[in-house]
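# Reading the structure
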Amino acid sequence: MKINNDVIEAIGHTPLIKLKRASEETGCTILGKAEFMNPGQSVKDRAGKWMILEAEKRGDLKPGGLVVEATAGNTGIGLAVVASARGYRTLILIPETQSQEKKDMLRLCGAELVEVPALPYSNPNNYQHVGKRLAERLRKSEPNGVLFADQWNNLDNAKAHYESTGPEIWEQTNGKVDGFICSVGTGGTLAGTSRYLKEKNKGITIACADPHGFAMYELFKHGVAKSTPGDSITEGIGLGRVTPVIETAEVDDAFLIADEEAVKVIYELLEHEGLCLGGSTGINVAGAIRLAKQLGPGHTIVTILCDSGNRYQSKLFNPAFMRSKNLPVPEWLEKRSKIEL
Ligand code: PMP
C-alpha cells in the first residue's frame with residue numbers, strides 16, 4: 001500500500017464488505033462500502049475534501065481562511081479534518097438535537113460549534129439559513145475570506161462521489177454491479193455515484209432508501225417531492241425538497257424504510273457480523289435487502305456504510321432512548337450498553 005502524504009490523501013479508497021446475513025437472506029451478494037473507515041469516520045469526508053480543494057482551485061479560499069457550514073455533524077467533521085490539514089479554520093452550525101458524540105468530535109477536531117434549535121427548513125431560523133446569513137456577515141470581517149461550503153447547493157459535494165465513490169465501486173466489483181442504493185441527506189452520495197455508474201452501464205438499477213417524514217421516496221417513486229408521514233431517529237439523512245445537488249441524481253426506484261426495519265438490521269450486523277454502524281446505514285442496508293428481493297437471486301448490490309455506531313452510543317445503542325421512541329431493544333444490548341438516558 002502506498003504512503004499518503006497527508007490525511008486528505010487517506011480519504012476514500014474504502015473497502016467493500018460482504019454483508020453475510022443480508023446476502024444469505026436474499027440469494028444476492030450485498031456489499032457495503034465501509035465509509036466509517038475514512039479519517040473523519042464517515043462518508044462525508046469525501047464531500048469535505050472536494051468542497052475545500054475545488055474552492056482552493058477556484059481561488060475562493062486563502063491561507064488562514066474560514067470555512068463555514070450548516071451540518072448534521074458528519075460534513076462538519078469532514079470539513080474540519082481537511083481544513084486543519086490545509087491551515088483553515090471551521091465554524092459549524094448544528095441543530096442541537098444531533099448526537100453529543102458528533103458535537104464532541106467536532107470540537108475535538110478544532111471546529112467552532114454553534115448549536116441552534118432544530119427548526120423546519122421553512123423557518124427562517126433553520127440552521128441552513130442561519131449558516132448562510134452568518135457566513136455572509138463574517139465575510140465582511142474575516143481578513144482571509146470565508147467559504148460557505150453550502151453542501152445542498154454545492155455541486156462539488158456530488159462531484160466527490162462522481163470522482164471517487166463511483167469509480168471505486170466500479171473497479172472493486174470489476175464492473176459486476178447490478179444495483180446501487182443509498183439514502184439522501186444532501187443527495188451528494190446518490191447523485192455523484194449514480195451518475196458515474198449509469199455512465200458505465202445504463203442497466204444498473206439505482207435506488208433511493210428513504211426514512212419516514214421526508215420527500216425523496218415520493219420524488220423518485222412518483223415524481224413529486226411530497227413528504228411521507230411520520231418521523232425517524234436516524235441522523236444526517238432526510239431531505240424535504242429538490243435541491244441543485246439531488247436534481248443531478250439518476251434514480252430508477254425508491255423504498256420507504258421504517259426505523260423498526262432499519263434498527264433491526266443495525267443490531268443484527270453488530271451481533272453477528274462485528275459491524276457497529278449508524279442509523280442511516282440501517283436504512284441503506286434494509287433498502288439493499290428490499291432491492292435484492294425485487295431484482296431476485298444472483299445479483300450484486302452495493303450500498304453505503306455511512307458512519308460508525310460509535311457516533312450514536314447515547315441514542316441508537318442506548319436502551320432507554322430506544323424505548324422512549326417505542327423502538328425494539330434486543331436483550332443483549334441491555335447487557336452491553338452502559339449509557340443511561
Ligand atoms: N448518513 C449520514 C450519517 C450522514 O451524516 C449523511 C450526510 N448528512 C448521509 C448519510 C447522507 O449523505 P449525503 O449528504 O451524501 O446524501
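Definitions and cut-offs
- Residues numbered from 1 in each chain as written.
- Predicted model: local features only at pLDDT ≥ 70, side-chain atom pairs only at ≥ 80, totals over all residues.
- Pairing = 2+ DSSP bridges.
- Helix = DSSP H or I, 4+ residues; strand = E, 2+ residues; numbered from the N terminus.
- Axes fitted to C-alpha atoms, helices over the stretch in contact; angles between N-to-C directions.
- Domains from an automatic or database assignment.
- Contact = placed C-beta atoms within 7 Å.
- Nonpolar A, V, L, I, M, F, W, Y, C, P; charged D, E, K, R; others polar.
- Near = placed C-beta within 6 Å.
- Parallel < 35°, antiparallel > 145°, perpendicular 65-115°, else oblique.
- Left-handed = near helix turned anticlockwise from the far one by under 90°.
- Expected span 1.5 Å × (residues − 1).
- Bend = angle between axes of the 7 residues up to and from the residue.
- Buried ≥ 20, exposed ≤ 12 C-beta atoms within 10 Å, placed from the backbone.

On to the sheet that holds strand E3 (residues 66-70). Where strands meet in a sheet, backbone hydrogen bonds hold them as pairs that are either parallel or antiparallel. Strand order in the open sheet made by the four strands is E5-E4-E3-E6, with parallel pairing throughout. The sheet is open, and its two borders are formed by strand E5 (112-116) and strand E6 (146-148), each paired with just one other strand. In this sheet, neighbouring strand axes are inclined to one another by 15° on average, regardless of whether the strands run parallel or antiparallel.

For the rest of this paragraph, the subject is the domain arrangement of the protein. What the domain assignment reports for the protein is domain 1 (8-37 + 165-325) and domain 2 (43-148). Centre-to-centre, using C-alpha coordinates, domain 1 lies 25 Å away from domain 2. Contacts between the two partners involve 21 residues from domain 1, matched on the other side by 16 residues from domain 2. Here the residues of the side of domain 1 that touches domain 2 sort into five nonpolar, ten polar and six charged.

Gly 185, Thr 189, Gly 236, Ser 280 and Cys 306 are the nearest of the 20 residues found near the ligand. Put simply, the parts of the chain that give the shell around the ligand at least two residues each are helix H3 (74-86) and helix H7 (188-200). Across the shell around the ligand, the residue classes break down as five nonpolar, twelve polar and three charged. Inspection of the shell around the ligand shows a minimum of three residues originating in each of domain 1 (8-37 + 165-325) and domain 2 (43-148).

So, on to the packing of helix H2 (residues 44-58) against helix H6 (residues 155-172). At a minimum axis separation of 8 Å, H2 and H6 run at an interaxial angle of 115°. By the angle class used here, H2 and H6 are roughly perpendicular. Taken as a pair, H2 and H6 cross one another with a handedness that is right-handed. Each of Arg 46, Ala 47, Lys 49, Trp 50, Met 51 and Glu 54 in H2 lies in contact with H6, whose residues at this interface are Asp 156, Asn 157, Lys 159, Ala 160, His 161, Ser 164 and Thr 165. Each residue belonging to the contact of H2 with H6 can be placed in one class, and the counts come to four nonpolar, four polar and five charged.

It is worth spelling out H6 at this point. Over its 18 residues, H6 runs 25 Å from end to end, which matches the ideal 26 Å to within 8%, given 1.5 Å per residue. In the structure, H6 departs most strongly from a straight axis at Tyr 162, where the bend amounts to approximately 30°. In terms of residue burial, H6 counts as a mostly covered element, since 13 of its 18 residues are buried. Within two residues after H6, Asn 174 carries a phi angle of roughly 50°, on the positive side.

Right, let's get into the environment of Asn 126. Counting through the fold element by element, Asn 126 comes out in the loop between E5 and helix H5 (127-139). Residue classification places Asn 126 among the partly exposed positions, given that 18 C-beta atoms sit within 10 Å. Each C-alpha atom of the pair Asn 126 and Pro 95 lies 8.3 Å from the other, and the pair is 31 residues apart in sequence.

Position of Phe 180 among the secondary structure elements: in strand E7 (residues 179-182). In this structure Phe 180 comes out as buried when scored by C-beta crowding, with 30 C-beta atoms within 10 Å. Excluding anything up to four places from it in sequence, Phe 180 contacts Ile 169, Thr 193, Ser 194, Leu 197, Ile 204, Ile 206 and Val 302.

With that out of the way, let us pick up unusual backbone geometry. Phi is positive for Asp 150, close to 55°, though the residue is something other than glycine. With respect to the helices and strands, the residue Asp 150 is situated in the loop between E6 and H6. According to the C-beta neighbour criterion, Asp 150 is buried, with 20 such atoms within 10 Å. With a phi angle near 60°, Asn 326 is a residue other than glycine that sits in the positive phi range. Within the secondary structure layout, Asn 326 lies in the loop between helix H11 (319-324) and helix H12 (331-336).

The strand order E1-E2-E10-E7-E8-E9 describes an open sheet built from six strands, whose pairing is mixed. Taken across any chain shown, the strands that pair with only one partner, and hence form the sheet edges, are strand E1 (16-18) and strand E9 (253-257). Each neighbouring strand pair of the sheet contributes to a mean axis angle of 25°, computed without reference to strand direction. Of the pairings in the sheet, the one linking E1 to strand E2 (residues 29-34) comprises three bridges and is antiparallel in character. Across the sheet, residue Ile 17 finds its bridge partner in E2, namely Gly 32. Contacts from H7 reach E7, strand E8 (205-211) and strand E10 (300-305), with the element oriented near 170° to E7.

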